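Chain by chain, the residues run as shown.
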Amino acid sequence: MRIAVCHAQVPFNRGGAEVLAENLVAELRRRDHAAELVTIPFKWYPGTRVLTQAFLWRLVDLEEANGEPIDLVVATKFPSYAVRHSNKVVWLVHQFRQSYDLDRTELGQFGEEPAGRATRRGVHRLDRIALGEARRLFAISGNVAERLRLTLDLEAEVLPPPPQQLDYRCEDYGDFVLSVGRLDRAKRVDLLLEAAAAEPSLRVVVVGEGPDRRRLERLAGELRLDGRVTFAGRVEEKSLADYYARCLAVYYAPVDEDFGLVPYEAFLSEKPVVTTRDAGGALEAVTDGETGVVCEPAPAAVAQACLWLAGHREEARARGLSGKELAARLTWDTTIDRLLGP
Amino acid sequence: MRVAYFSPLPPERSGIADYSALLLPALRERLDVVTVQRGAKRAPRGTDVALYHVGNNPDAHGWIVDALRRRPGIVVLHEFVLHHLVAGLTLGRGDREGYLDAMQREAGVEGRLLAHGVVDGLLPPLWEARPHEFPLAAEILDLADGAIVHSRYVARLVRELGYRKPVWRIPFPAGADPSPTPERPGDGRPLIGCLGYLNRSKRVPQLVAAFARVRRRFPDATLLLAGAVACDLDLDEELERAALGRDEGGVVVLGYVDERRFESLLAGCDVCVSLRSPTMGETSASAIRALALGRPLVVSDVGWFAELPDGVAAKIPVDEREVEVLAGILERLASDDSLRERMSARAREHVRDEHDLERVADEYLAALEEAAGGEPVRDAVYGEVARAAYEVGLDAADPELSEIAERAGEVRLGG
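About the cut-offs
Residues numbered from 1 in each chain as written. Chains lettered and ligands numbered in written order. Predicted model: local features only at pLDDT ≥ 70, side-chain atom pairs only at ≥ 80, totals over all residues. Helix = DSSP H or I, 4+ residues; strand = E, 2+ residues; numbered from the N terminus. Rg over C-alpha atoms; globule rule 2.2 N^0.38 Å. Buried ≥ 20, exposed ≤ 12 C-beta atoms within 10 Å, placed from the backbone. Contact = placed C-beta atoms within 7 Å. Axes fitted to C-alpha atoms, helices over the stretch in contact; angles between N-to-C directions. Parallel < 35°, antiparallel > 145°, perpendicular 65-115°, else oblique. Left-handed = near helix turned anticlockwise from the far one by under 90°. Core = buried A, V, L, I, M, F, W, Y, C linked by C-beta atoms within 7 Å. Pairing = 2+ DSSP bridges. Nonpolar A, V, L, I, M, F, W, Y, C, P; charged D, E, K, R; others polar. Right-handed = clockwise from strand over helix to strand, strands pointing away.

## Here we look at the overall build of chain A
For chain A, the count of helices and strands is eleven helices and 14 strands. The C-alpha radius of gyration computed for chain A amounts to 20 Å, which stays within 12% of the reference 20 Å derived for 342 residues, consistent with globular compactness. On the principal axes, the C-alpha backbone points of chain A span a range of 60 × 50 × 30 Å. A buried classification covers 49% of the 342 residues belonging to chain A. Considering only residue pairs separated by 6 or more positions, chain A has 68% of its internal contacts joining residues 24 or more positions apart.

## Regarding the packing of helix H8 (residues 204-217) of chain B against helix H13 (residues 322-335) of chain B
Residues and elements named next belong to chain B. Between H8 and H13, the least distance of the axes is 8 Å, while the angle of their chain directions is 45°. One element, H8, and the other, H13, form an angle in the oblique class. Crossing angle aside, the handedness with which H8 passes H13 is right-handed. On the side of H8, the interface is formed by Gln206, Leu207, Ala209, Ala210, Arg213, Val214 and Arg217, while H13 contributes Glu322, Val323, Leu326, Ala327, Leu330, Glu331 and Ala334.

## Remarks on unusual backbone geometry
Put simply, A:Tyr45 and A:Pro46 share a cis peptide bond, and its omega is -5°. For A:Pro46, the position within the fold is in the loop between strand E2 (34-41) and helix H2 (49-59). With an omega of -5°, the peptide bond between B:Arg189 and B:Pro190 qualifies as cis. Inspection of the secondary structure assignment puts B:Pro190 in the loop between strand E6 (167-169) and strand E7 (191-195). Of note, the phi angle at A:Asp32 is positive, near 70°, even though the residue is not glycine. Counting through the fold element by element, A:Asp32 comes out in the loop between helix H1 (16-30) and E2. Look at A:Asp32 and you get exposed, because 8 C-beta atoms sit within 10 Å.

## A look at helix H5 (residues 189-198) of chain A
The buried count for H5(A) comes to seven of ten residues, which makes it a mostly enclosed element. Residues of H5(A) that are buried in the fold lie against strand E9 (176-180), strand E10 (203-207), helix H6 (213-222), strand E11 (229-233), strand E12 (249-251) and helix H9 (299-311) of chain A.

## Section: the interface of chain A and chain B
Counting from both sides, the interface comprises 20 residues of chain A and, opposite them, 21 residues of chain B. Of all the elements in the fold, those that place two or more residues in the side of chain A that touches chain B are H2 and helix H3 (114-132) of chain A. Ranked by residues supplied to the side of chain A that touches chain B, first place goes to H3(A) with twelve residues.

## Details of the nonpolar core
Among the nonpolar cores identified, the biggest contains 175 residues, and A:Val74, A:Leu92, B:Leu51 and B:Val75 are the most heavily contacted of them. Here this core gets ten residues from one element, more than from any other, and that element is helix H15 (residues 357-391) of chain B. Aside from chain neighbours lying at most four places away, what touches B:Leu51 is B:Val3, B:Ala4, B:Tyr5, B:Phe6, B:Gly73, B:Ile74, B:Val76 and B:Leu368. In this structure, A:Tyr168, A:Val180, A:Leu248 and A:Val294 belong to the second largest nonpolar core, which totals 55 residues.

## Regarding the sheet that holds E12(A)
All names here are of chain A. The strand order E11-E10-E9-E12-E13-E14 describes an open sheet built from six strands, whose pairing is parallel. Edge positions in the open sheet fall to E11 and strand E14 (292-295), since each of these has one partner strand only. Pairwise comparison of adjacent strand axes, ignoring direction, gives a mean angle of 25° for this sheet. When E9 meets E12, the two strands line up parallel, connected through three bridges. Counted as the bridge partner of Val177 is Ala249 from E12.

## Points about the packing of H5(A) against H6(A)
All names here are of chain A. Contact geometry of H5 with H6 gives a least axis separation of 10 Å together with a crossing angle of 10°. The orientation of H5 relative to H6 falls into the category roughly parallel. Counted together, Val189, Asp190 and Leu193 of H5 and Leu216, Leu219 and Ala220 of H6 form the full contact between these two elements. The residue inventory of the contact of H5 with H6, partitioned by class, reads five nonpolar, no polar and one charged.

## Details of the environment of B:Gly196
All names here are of chain B. Note that Gly196 resides in the loop between E7 and H8. Taking the C-alpha atoms as reference points, Gly196 and Ala209, separated by 13 residues in sequence, lie 19 Å from one another. Sequence-distant contacts of Gly196, that is, excluding residues within four places in its chain, are made with Gly227 and Ser286.

## A word on the sheet that holds strand E8 (residues 222-226) of chain B
Residue and element names in this part refer to chain B. One open sheet holds the six strands; their spatial order is E9-E8-E7-E10-E11-E12, and the pairing between them is parallel. Two strands lie at the open edges of the sheet, namely strand E9 (251-254) and strand E12 (313-316), each paired on one side alone. Pairs of neighbouring strands in the sheet enclose a mean axial angle of 20°, with direction left out of account. By the bridge criterion, four bridges tie E8 to E9 in an arrangement that is parallel. Residue pairing in the sheet places Leu224 in a bridge with Val252 of E9. Its contacts with the sheet put helix H10 (residues 259-268) on E7, E8 and strand E10 (271-274), and the angle it makes with E7 is roughly 145°.

## Let's talk about the environment of B:Leu339
Residue and element names in this part refer to chain B. Of note, Leu339 is situated in helix H14 (residues 337-354). According to the C-beta neighbour criterion, Leu339 is partly exposed, with 15 such atoms within 10 Å. Between the alpha carbons of Leu339 and Asp234 there is a distance of 34 Å; along the sequence they are 105 residues apart.

## A few points about the pairing of strand E1 (residues 2-9) of chain A
All names here are of chain A. Of all eight residues making up E1, six are buried, and the element is well covered by its neighbours. The pairing of E1 with E2 spans eight bridges and is parallel. Residue Val5 lies in a different strand from E2, and its bridge partner there is Leu37. Tracing the backbone out of E1, into H1 and back to the parallel element E2 gives a crossover that is right-handed. Here E1 pairs with strand E5 (residues 72-75) via four bridges, running parallel. Residue pairing for E5: Val5 is matched across the bridge by Val74.

Below is the structure:
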């Protein structure tokens, strides 16, 4: 099949959603499909730009390319699913959350003035139409599917994405807790830094880049964590696999996360995951006492969870191994069968 | 956001006043709502959007349309047929030309001729004799920035008029979970109830005829008719024609009953019947109450009633077989306890899903937010797209521009 995977790209930003789209293309090609990643830059501010930028996708003609028909489009995150195609499948990474659950929070975007409210409703309207016309609608997690049901009354099938291919292995339950992911406020890396401040024996490695990095580095300085926290930035796949292989545990506690590939990557490295009760989709993978520790979103609680794992390394290993069984079930074969199914 | 709210309100006695009494508290939890005093000429200052509830009664809604003329806003179209309202706003105020124009617009020269016939006293008033043939809804919709309707049926009729502004379908809300003490007049079974204002469009003659057939197989069956009787309906004559007597022969006739007793009687019925034809595009509050009480419901297969899911209500076609089909359905419901139980459960479920007050209030909030800020958003979005088109040399004659407009329409980019 000739398949276009549609993905909205925020230039110079890379996170789990980008990894998912690229992996999908690679896995489709591995199965002899002609797959292509189609991206359009996305900027969602100021004012109504979120709508005009979304509209760009509607103008894209993907029915054919160079005279050859495109059999299927798989759209991922907002607003790529506004694309028009007679055989459109949506594998929803997330909606434009500023219009939904993040509205009227510090992460929201729209003000109380009538134009702000109406722009937000414009996103709902577009979503309802664009998602409603998909031949099949999948969501990457139960959390994303539930949000969709609550906000737009649309039912999506849950289809978690398999983690990226890395040289996963476990070499040690070392002396540091690993955080992997894009550095923005919603990922809540500051909670881990504050936990490190509360527990002097805790060492932290932060992998990833993002707009929150400078603030986090400043916070680490203010908390006098010098020497106990390493900001590794964006690292190569080999280094990432090394970090996973050597860490004690992986910390992953974004606010109401859509899904989160990181817990599955941790599990494939046989590492337990420390998360919080309000982490959303991460809780579909991390079960307290089975595959990790689920604690309150407070520095002391996170510190205590990490400390407990450091003092119970056999238990940390057991939880990591339980997670590995869970992660092994997510395969690209079954994922692609469902995406391409009737 | 501040909303100017125009509607009849209690103690005024009308279905729309009751509707607003139910809706307003839920709306106030979400919005700053200013209810406008009856007779006020315009919306209060400082309000972002005005909401006008419009029904067919000129006494109740004339002042609301007057205010709508001064400041456009969102119209809640409680009925599609507004002939009586328009006649009241024109002929009722001595504006003969206004009525003639409205009829001409609705039905061309023929409409104008008919209007002349009415004005000159040669024809009976069309708002009484044939209102559904000349709804005159365009007269009101012309003034509206958007319309809220309760059914897909009315939404379609509004679009068929060529109305291009936003239309929101917001279901009619049901009240709080009802638990009245059931009242069963007489001791017959099954008790088949038809409650509310009784007139010919409620198909009372057809119901009486069908009930007479049911009585042959179910001699203990009782028909309850509760409500004020319209002057177009001679109930005694209908009962006599069907060989059924008032308060005998299994028919219990009650006049107007207050709301509390209405609920109790509804709760006591084994089957409720809410037929309608012709429909004025209305939604039946009493049918929704019957469903909320889990009563098996029989309706006509028209308008909003036809949109009820099959398992929730039995639908009777309005044709020459109407009486026969109705009698058959009533007999089946009388004899099949499990069918009644299934319909009862589905009815309650349907009301929870479709007519939940909180959901309705959320949908009002969405519609009002879209309406209040819609124009600046539309201008900004289309302005940006138009600028981009202009910058690359597209002009109005280019087919690409039509395609861009078509795509924008598909995703309702501008509302």
